[in-house]
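Notes for the structure review
What follows is each chain in one-letter form.
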Amino acid sequence: MFFTLYFLGELLFMILNLKKYEKNILVFLCLCSTFTYAQKPVLKAGSLISIENKKEIRAKNVNVGDLVAFDVSEDIKVGDSIVISKGAKAYAKVLVAKKSGIAGTKGKLKVEWLYCVANNNTKVPLEGEIDFSRKNHTSGAVVAGTIVAAPLIFLTGQHAAIPAGYTNVTTVKIDTEL
């Protein structure tokens, strides 16, 4: 702020001591320089980002620590400017990936949002999780297997997966200059 005021004072002094055509050139240059110092848009913490999964993600096909990709499902604007376009990539990290097992053991899949990519390639930090843990059938399979027939112990639990077309809303973690 101080620099701007100092600069304007010096500029005024110079304008008063210049010829008419020099003043016009100097005013033109000053106007051009103000456009280059325009503030960048800031996407505020807590802003909502709608995200869609384009293809199914199964617990049996991913490992803990893997990055999985999603798509932003709506344009995100700051003022009148679109800063994140529909279709931009958003990434999450796999926290839990356990496929369903015998005796009705349920599958588990949990991911944590990391970031999405803005139009200027800035990584916008996100927060939140998706938890797709499925129902456990272990006790029923064991009881049925011991009472009715031993092969029923091989009943598997439900597969954990994030289905294609699944949408989720997450939030921006911190103010991000774009």
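The structure contained in this document is the topic of the report that follows. Owing to the predicted nature of the structure, the values given are computational and were not obtained by experimental measurement.

1. Section: the overall build of the protein
Assigned secondary structure in the protein consists of 3 helices and 13 strands. Across the 178 residues in the protein, those meeting the buried criterion constitute 28%. Within the protein, contacts between residues at least 6 apart in sequence are counted, and of these 63% link residues at least 24 apart. As presented, the protein carries roughly 11400 Å² of accessible surface, and 59% of it is formed by carbon and sulfur atoms.

2. Comments concerning the pairing of strand 4 (residues 67-72)
Of the pairings in the sheet, the one linking strand 2 (residues 48-52) to strand 4 comprises 2 bridges and is antiparallel in character. Opposite glutamate 52, over in strand 4, you have aspartate 71 as the bridge partner. Examined bridge by bridge, strand 4 and strand 7 (residues 89-98) share 5 bridges and lie antiparallel to one another. Each residue of the ladder has a partner; that of phenylalanine 70, found in strand 7, is alanine 90.

3. Describing the nonpolar core
A general trend in soluble globular proteins is that nonpolar side chains are found buried together. Of all hydrophobic cores here, the largest spans 30 residues; its most connected members are Leu43, Ile49, Phe70, Ile84 and Leu109. Taken together, the elements giving at least two residues each to this core come down to strand 2, strand 4, strand 5 (76-78), strand 6 (81-84), strand 7, strand 8 (108-117) and strand 9 (123-127). Counting residues per element, this core draws most heavily on strand 8, which supplies 4 residues.

4. Comments concerning the pattern of salt bridges
Applying the stated criterion to the full structure yields 4 salt bridges. Between glutamate 52 and lysine 54 there is a salt bridge whose closest N-O contact spans 3.6 Å. Exposure remark for glutamate 52: the relative accessible area of 22% places this residue in the partly exposed category. By relative accessible area, lysine 54 is classed as exposed at 53%. Where glutamate 56 meets arginine 58, a salt bridge forms, and the shortest distance between an N and an O atom there is 3.0 Å. Classification of glutamate 56 by relative accessible area gives partly exposed; the value is 42%. According to the relative accessible area criterion, arginine 58 is partly exposed, its value standing at 24%.

5. Some thoughts on the pairing of strand 2
With 5 bridges joining them, strand 2 and strand 12 (residues 167-172) adopt antiparallel strand pairing. In the sheet register, glutamate 52 faces strand 12, and the bridge partner there is threonine 167.

6. What about the environment of isoleucine 174?
Topologically, isoleucine 174 is positioned in the loop between strand 12 and strand 13 (176-177). Separated by 127 residues in sequence, isoleucine 174 and serine 47 place their C-alpha atoms 9.2 Å apart.

7. Considering the packing of aromatic side chains
Pairs of aromatic rings are described using the distance from one ring centre to the other and the angle between the two planes. For the structure on display, the rule yields 3 aromatic pairs. Each ring, one from phenylalanine 132 and one from tyrosine 166, has its centre 5.0 Å from the other, and the planes form 80°; the classification is edge-to-face. Here the residue phenylalanine 132 occupies a position in the loop between strand 10 (129-131) and helix 3 (138-147), and tyrosine 166 occupies one in the loop between strand 11 (161-162) and strand 12, the gap between them amounting to 34 residues. The buried category is assigned to phenylalanine 132, whose relative accessible area is 11%.

8. With respect to unusual backbone geometry
In this structure, asparagine 121 takes a positive phi of about 70° despite not being glycine. Note on placement: asparagine 121 falls in the loop between strand 8 and strand 9. Its relative accessible area of 62% is what places asparagine 121 among the exposed residues.

9. Notes on the environment of lysine 40
As for its placement among the helices and strands, lysine 40 is situated in the loop between helix 2 (20-36) and strand 1 (42-43). Residue classification places lysine 40 among the exposed residues on the basis of a relative accessible area of 53%. Separated by 38 residues in sequence, lysine 40 and valine 78 place their C-alpha atoms 10.0 Å apart. Look past the residues within four positions of lysine 40 in its chain and what remains in contact with it is Glu177 and Leu178.

The rules behind the values
- Residues numbered from 1 in each chain as written.
- Predicted model: local features only at pLDDT ≥ 70, side-chain atom pairs only at ≥ 80, totals over all residues.
- Heavy atoms only, no water.
- Helix = DSSP H or I, 4+ residues; strand = E, 2+ residues; numbered from the N terminus.
- Buried < 20%, exposed > 50% of the residue type's maximum accessible area, 1.4 Å probe, protein only.
- Contact = heavy atoms within 4.5 Å.
- Areas by Shrake-Rupley, 256 points an atom, 1.4 Å probe, with all protein chains shown as cover.
- Pairing = 2+ DSSP bridges.
- Core = buried A, V, L, I, M, F, W, Y, C linked by side-chain atoms within 4.5 Å.
- Salt bridge = Lys/Arg side-chain N within 4 Å of Asp/Glu carboxyl O.
- Phe/Tyr/Trp six-rings, centres within 6.5 Å; stacked < 30°, edge-to-face > 60°.

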